[in-house]
Amino acid sequence: MRQINNRNIDYVLEYIQQDPISNIYIEADIKRYGLGKIVNIWIQEDKKIESVIMKYHNGIQIYSCDNNFNVEEISSFLQVIKPQMISGRLQTINKLEILIDNGYNKEEGFLCILNEFKYQNSRSSSVEVAKEEDADEIGNLICTDTEMLKIYTPGTIAEQIRERIQDDFGRSYIIRIDGTIVAHAATYAETDKVAVIGGVVTHPDFRNQGFATNIITKLCHDLVIENKKPCLFYYN
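What this report covers is the structure whose coordinates are included nearby. What you see is a predicted model, and the numbers here were worked out from it, not measured in a lab.

### Some words on the overall build of the chain
Scanning the chain from terminus to terminus reveals eight helices and eleven strands. Its C-alpha radius of gyration of 19 Å places the chain within 12% of the 18 Å reference for a compact globule of 236 residues. Overall size of the chain, expressed as C-alpha extent along the three principal axes, is 60 × 35 × 30 Å. Within the chain, the proportion of its 236 residues that are buried is 42%. Of the roughly 13200 Å² of accessible surface on the chain, a fraction of 48% belongs to carbon and sulfur atoms. Both charge centroids of the chain, one from 25 positive and one from 34 negative side chains, sit 2 Å from each other.

Written as structure tokens, this is what we have:
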């Protein structure tokens, strides 16, 4: 295993393009931050790359195109750095979990990809693009979901949204009623080909009125126009 620097990062970017959807966060984080304090990349190789390991803050994402990699080496690496979270395709995690200590809980997620889209413009005029100054209100709205409060604070979410808007790393769409933001959806990462949708929420007092449908419809329309494939990672 060796660590990659900015001089040879194109080698990694070419490899992960074999599956741009699974690797959207690796690609987006590399292009947003470069390599250094926030993002670090290691690879395993035997004449060609066998796996890519990205450390982002205190989380690890692992990708192997054919799932043929040195399990013992990566497991030893993980035991040393002790990341808070390890993510990857299910077949990769399954190979690793027998060698990783019991300090982790395994959670299986799912990927939804929009392959066909029929746009209806009937109510999308109420949807607007959020600005930096909307971030605090959006953070409070997202945290009306009590599950989110177990992981984040409204301030943390607001700062992430503000950074995405500032850096053009993602976009947030909102619906207002009487000047108050009541619905929100965003892209949490975007590349030239793919966008991950997240932060979909409607205030409890305004649910079952079609606001989430309207906002997602508008967001997906704009992404498709830009030739980006919308996708959504979710958990049961």
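There's plenty left to go through after this.
### Details of the layout of surface pockets
Taken as a whole, the second largest pocket spans an internal volume of roughly 190 Å³. Lining the second largest pocket, in full, are Ala28, Lys31, Arg32, Asp167, Asp168, Phe169, Gly170, Arg171, Glu190, Thr191, Asp192 and Lys228. Partitioned by chemical class, the residues of the lining of the second largest pocket number two nonpolar, two polar and eight charged.

### Details of the sheet that holds strand S5 (residues 85-88)
An order of S1-S2-S3-S4-S5 is seen for the five strands of this open sheet, with the pairing classed as mixed. Looking at strand neighbours, the two that pair on one side only are strand S1 (2-4) and S5, the edges of this open sheet. Taking each pair of neighbouring strands and ignoring which way they run, the sheet shows an average axis angle of 25°. Here four bridges tie strand S4 (residues 59-63) to S5, and the two strands are oriented parallel to one another. Of the residues in S5, the one forming a bridge with glycine 59 is methionine 85.

Rules used throughout
- Residues numbered from 1 in each chain as written.
- Predicted model: local features only at pLDDT ≥ 70, side-chain atom pairs only at ≥ 80, totals over all residues.
- Heavy atoms only, no water.
- Helix = DSSP H or I, 4+ residues; strand = E, 2+ residues; numbered from the N terminus.
- Rg over C-alpha atoms; globule rule 2.2 N^0.38 Å.
- Buried < 20%, exposed > 50% of the residue type's maximum accessible area, 1.4 Å probe, protein only.
- Areas by Shrake-Rupley, 256 points an atom, 1.4 Å probe, with all protein chains shown as cover.
- Lys, Arg positive; Asp, Glu negative; His and termini not counted.
- Charge placed at Lys NZ, Arg CZ, Asp CG, Glu CD.
- 1 Å grid on protein atoms, 1.4 Å probe; cavity = no way out; pocket = protein on both sides within 12 Å on 5 of 7 lines; lining within 4 Å.
- Points joined across faces, edges and corners; volume = space filled by probe spheres on them.
- Nonpolar A, V, L, I, M, F, W, Y, C, P; charged D, E, K, R; others polar.
- Pairing = 2+ DSSP bridges.
- Axes fitted to C-alpha atoms, helices over the stretch in contact; angles between N-to-C directions.

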